[in-house]
Amino acid sequence: MTPRQRRGGGRREQRNEAARLTDELIAEGFSKKQVAEILGRNASLVSQFFTKNKGASMVEALRAVVQEVQAGGPRDVDSLKRLARTHVRPRLTKGGEVARVRRRNAVRSTRSVTDAQGKRRREWTSSLARAGKQHIASGASRLYPVIEEAAANGGKIAFTVRALRTMFTHDAGRKIDSPGVRRNVVQRSDNTEERSYGANVGGPGSGEQGFDAVQFKQMVDAAGGDVTAAVKGWLVDTGRMHPEAEIVYLEIRAWRESS
């Protein structure tokens, strides 16, 4: 009788490059959770480097981080996160175009235009990304690409924050608190509120107006790329939020005004 093949037996499949580079970081003392934080991604994605052959778009960033660590450079997560961010590349379709974001927490819109050479191409029009409490604690790195793309395209930015209602200095819905964007204050049963903010370009009640994306990006870059710290800093500096407040939800909306 032919012996039954044991489940899980046989030669282990060769790991892809993302998994191999992750193994090198693990050998240097990093955990998979820390690797995910460096890449600005969920820890489940790093696990899929090993189980589902994912991670091709992360290889360049991982390689840069491995080289930095092995060369004796900074080993703290924040420094490596900033290094990785400059090397992360978006996932491409078979046609070579940037793949549409499929995550529920990020949306990107484009339109088809004809360039000066008569060729059709996709042009960015708007983006939105959200971060919850866990991701906010690590700097809300998934929000940075929205800001970066808006700045590159001369766009505008508005944001929504959630915190304990007692941490806001103005009464809910006051125009002086949130001018330039819709003032739909969402109150929740856990005593938190969501409030939206934009630039006061046209004065209180002037409608949906946003911050200049280039200036907003400069503010975030000055905070070391930490979107949460930059937003909270603006809220505190402008007298809208108490310094001891904790932001538990953050949403960035970016768009380009119609010409």
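As the structure is a computational prediction, the values presented were derived from the model and not from experiment.

Asker: For this particular structure, what's the right way to read the side chain of Ser127?
Answerer: Summarising the element assignment, Ser127 is placed in strand 2 (residues 120-132). Of note is the side chain of Ser127, whose polar atom sits 2.7 Å from the side chain of Trp124. Ignoring anything within four residues of it in the chain, the contact list for Ser127 reads Val107, Arg108, Val146, Glu149, Ile252, Arg253 and Ala254.

Asker: Can you help me understand the pattern of salt bridges in this one?
Answerer: Oppositely charged side chains may form a pair once their charged atoms are brought near each other. As enumerated under the stated definition, the model contains 11 salt bridges in all. A salt bridge links Arg63 to Glu17; its shortest N-O distance comes to 3.2 Å. Placement of the pair is Arg63 in helix 4 (residues 59-70) and Glu17 in helix 1 (residues 17-27), with a sequence separation of 46 residues. On the basis of relative accessibility, which here comes to 35%, the residue Arg63 falls in the partly exposed class. A salt bridge links Arg253 to Glu251; the nearest nitrogen and oxygen atoms lie 3.1 Å apart. Here the salt bridges share partners, and the residues they tie into one network are Glu17, Arg20, Glu24 and Arg63.

Asker: So what exactly am I meant to see when it comes to unusual backbone geometry here?
Answerer: Excluding glycine, most residues fall at negative phi; most peptide bonds, likewise, are trans. Backbone geometry places Asn53, a non-glycine residue, at a positive phi of 60°. Asn53 gets classed as exposed once you look at its relative accessible area, which sits at 58%.

Asker: Is there a simple way to think about the packing of aromatic side chains in this case?
Answerer: Where two aromatic rings form a pair, the distance of their centres and the angle of their planes describe that pair. In the structure shown here, the tally under the stated rule is 7 aromatic pairs. When the centroid spacing of 5.9 Å and the interplanar angle of 70° are considered together, the rings of Tyr197 and Trp234 count as edge-to-face. In this pair, Tyr197 is assigned in strand 5 (residues 192-197) and Trp234 in helix 9 (residues 227-237), connecting sequence segments 37 residues apart. Here Tyr197 matches Trp234 in class, with each residue buried. Centroid distance Phe211 to Phe216: 5.6 Å. Interplanar angle 45°. Geometry classified as tilted. Owing to a relative accessible area of 3%, Phe216 belongs among the buried residues under this scheme. Grouping aromatic residues by their ring pairs yields a cluster made of Phe159, Tyr197, Phe211, Phe216 and Trp234. Lying across the ring of Phe50, Lys32 places its NZ or CZ 4.3 Å from the centre.

Asker: Is there a simple way to think about the packing of helix 8 (residues 213-222) against helix 9 in this case?
Answerer: Describing two packed helices takes the angle between their axes plus the distance from one axis to the other. Packing of helix 8 against helix 9 leaves a shortest axis separation of 8 Å and a crossing angle of 110°. What the angle tells us is that helix 8 and helix 9 run roughly perpendicular. For the pair helix 8 and helix 9, contact is made by Phe216, Met219 and Val220 and by Val227, Ala230, Val231 and Trp234, respectively. Taken together, the residues that form the contact of helix 8 with helix 9 break down as 7 nonpolar, no polar and no charged.

Asker: Can you walk me through the confidence of the model for the protein chain in this structure?
Answerer: A low pLDDT means the predicted coordinates there should not be read in detail. When pLDDT is averaged along the protein chain, the result is 80; 80% of the residues meet or exceed 70. Residue range residues 1-12 is modelled with pLDDT below 50. Its contacts to residues more than four positions away, or to other chains, number 0 contacts.

What counts as what
- Residues numbered from 1 in each chain as written.
- Predicted model: local features only at pLDDT ≥ 70, side-chain atom pairs only at ≥ 80, totals over all residues.
- Heavy atoms only, no water.
- Helix = DSSP H or I, 4+ residues; strand = E, 2+ residues; numbered from the N terminus.
- Polar contact = N/O pair within 3.5 Å; in protein donor to acceptor, adjacent residues only side chain to side chain.
- Contact = heavy atoms within 4.5 Å.
- Salt bridge = Lys/Arg side-chain N within 4 Å of Asp/Glu carboxyl O.
- Buried < 20%, exposed > 50% of the residue type's maximum accessible area, 1.4 Å probe, protein only.
- Phe/Tyr/Trp six-rings, centres within 6.5 Å; stacked < 30°, edge-to-face > 60°.
- Lys NZ or Arg CZ within 6 Å of the ring centre and 35° of its normal.
- Axes fitted to C-alpha atoms, helices over the stretch in contact; angles between N-to-C directions.
- Parallel < 35°, antiparallel > 145°, perpendicular 65-115°, else oblique.
- Nonpolar A, V, L, I, M, F, W, Y, C, P; charged D, E, K, R; others polar.
- pLDDT = per-residue confidence, 0-100.

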